[in-house]
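So the chains spell out like this:
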Amino acid sequence: MQALTDTLLPIVNTINGYLSDYILVFLLMGAGLYFSFKTKFVQVRCFGEGMKRVFGNLTLSGKKHESGMSSFQALATAIAAQVGTGNIVGASGAILTGGPGAIFWMWIIAFFGMATIYAEAVLAQKTRVKNEDGQYLGGPVYYIRTAFQGSLGKFLAAFFAIAIILALGFTGCMVQSNSIGSTFSTAFGVPSWIVGIILVAVCGFIFVGGVQRLASVTEKLVPIMAAVFLLGGVVVLIARIQYVPATFGMIFKYAFQPQAIIGGGFGYAIKTAISQGAKRGLFSNEAGMGSTPHAHAVAKVKYPAQQGFVAIVGVFVDTFIVLNMTAFVIFVTNSIDGSTTGIALTQKAFESGLGSFGITFVAICLFFFAFSTIIGWYFFGEQNIKYLFGTKGTTPYRLIVMGFIVLGSVLQVDLVWELADMFNGLMVLPNLIALIGLSKIVSMALRDYDANNPR
């Protein structure tokens, strides 16, 4: 097994390097720019309406929807998947590799990504179907089939479905449980296998309850976990408020003078800063990746554009609020020393701001972030299982996911992390092709909404 890992790991690493640095960054940036101009910057024009739809209907005990979710429940499920371990370690990774300026480029990419995720949500709404149980199903496989008829559409849809099941449902849930198991073992001394058993018991209870139970959990969990994390961050920022202006200055300065931090020539440094900011941002907010449309597809709204506005808010919460909070805490506590990386850097930053409780605080937040991601990713994979095999595939899929959760909590999963990233990247390709192919439908949905809701 170790020999297989040693052989495959460098190969998968090389594939991921080319995918993330050369292909996906440019494709996703291009799609964001395209849809921004195509929709006349919907992320600016309709941002306020999205906020009203989210926070005007904020509830921790929404109504039960027999065939889907409320608009807020769909957003909560999407954010559950978006806000994961990447929000704890993503900012630190971008800063360490791309310098402070990478955060600026993360903002830029997220801004344009809002238009892409708007398009995804609209198309998910427009192409969703009802299965034999009366449940709504939707996501990229359905708008891929709409964009491409015949055998090509079937192939691309199946390719996407298999990629997302492997990326999120199986390997993705495994690496998230690995993060929980290792963090709790370090912070509290709890054996990883015990954490795995508890985790799979709780997840299994939620999975068996179907869409309704999952939506009920996410609408309660997501606002609470975000509030707790942000409260801890705000406490640190208030205590070090004098360093906040300098943090903004540093981010903007090194966005355009990255060589002063990264070293090398300007061309190399600016490429590194932009690519790191783009890569970490895109894979945190998932705009253009084809994951969150599964949640937005089942929302009950009058106009598809309305759920697109809500999806925009999801990117804002993920990147501009949660991910930013991690970055700012790292900066104001001056925690970067070159030797501390990943989750340890975030723990060090919060320890500097909150004392010894900081390590425990990050461990608890990581648990909720990773746990919510498991729930969201399970749901996304399940939607594609139903597309491929119908409802009869749900039980085997559920059991396999639960097995991966247990294994992930106790095994070393370096190769699995890389495989998850690879399948994650591969599923972007058919998704973006279909988005561009159906861009007229995206524009028409916005015009229809504007015509019936004059400002």
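Computed from a predicted structure; not experimentally measured.

Caption draft 1: Layout of the overall build of the protein chain. A tally of helices and strands in the protein chain yields 20 helices and two strands. Here the protein chain has a C-alpha radius of gyration of 21 Å; the compact-globule value for 455 residues is 23 Å, and the two agree. Within the protein chain, the proportion of its 455 residues that are buried is 56%. Looking at the protein chain alone, contacts between residues at least 24 apart form 82% of all its contacts between residues at least 6 apart. Of the roughly 17,600 Å² of accessible surface on the protein chain, 67% is carried by carbon and sulfur atoms.

Caption draft 2: Representation of the side chain of aspartate 318 in the model. The residue aspartate 318 is located in helix 15 (residues 304-332) in this model. If we ignore the near neighbours within four places in the chain, the residues touching aspartate 318 are Gln82, Val83, Asn87, Ser284, Asn285 and Leu323.

Caption draft 3: Focus on the environment of cysteine 46. Take cysteine 46: it is sitting in the loop between helix 2 (42-45) and helix 3 (47-55). Of the residues examined, cysteine 46 reaches a relative accessible area of 0% and is grouped as buried. Sequence separation between cysteine 46 and threonine 272 is 226 residues; the distance between their C-alpha atoms is 33 Å.

Caption draft 4: Representation of the nonpolar core in the model. Core analysis: the biggest nonpolar cluster contains 137 residues, and Tyr118, Phe229 and Ile405 have the highest contact counts within it. The dominant element in this core, judged by the number of residues it contributes, is helix 15, at 17 residues. When sequence neighbours within four positions are dropped, the list of residues in contact with isoleucine 405 reads Cys173, Ser177, Leu199, Val200, Cys203, Phe207 and Ile374.

Caption draft 5: A look at the pattern of salt bridges. Throughout the structure, instances matching the rule amount to four salt bridges. With a closest N to O distance of 3.8 Å, aspartate 450 and arginine 45 form a salt bridge. Of this pair, aspartate 450 sits in helix 20 (residues 439-452) while arginine 45 sits in helix 2; the two residues are 405 residues apart in sequence, bridging distant segments of the chain. The residue glutamate 382 makes a salt bridge to lysine 386 at a minimum N-O spacing of 3.9 Å. Of this pair, glutamate 382 and lysine 386 both sit in helix 17 (residues 357-389), four residues apart, which is roughly one turn of that helix. Like glutamate 382, the residue lysine 386 is buried in the burial classification. Each of Glu382, Lys386 and Arg398 takes part in a single network of salt bridges with overlapping partners.

Criteria and thresholds
- Residues numbered from 1 in each chain as written.
- Predicted model: local features only at pLDDT ≥ 70, side-chain atom pairs only at ≥ 80, totals over all residues.
- Heavy atoms only, no water.
- Helix = DSSP H or I, 4+ residues; strand = E, 2+ residues; numbered from the N terminus.
- Rg over C-alpha atoms; globule rule 2.2 N^0.38 Å.
- Buried < 20%, exposed > 50% of the residue type's maximum accessible area, 1.4 Å probe, protein only.
- Contact = heavy atoms within 4.5 Å.
- Areas by Shrake-Rupley, 256 points an atom, 1.4 Å probe, with all protein chains shown as cover.
- Core = buried A, V, L, I, M, F, W, Y, C linked by side-chain atoms within 4.5 Å.
- Salt bridge = Lys/Arg side-chain N within 4 Å of Asp/Glu carboxyl O.

Shape is all these values report; function is a separate question.
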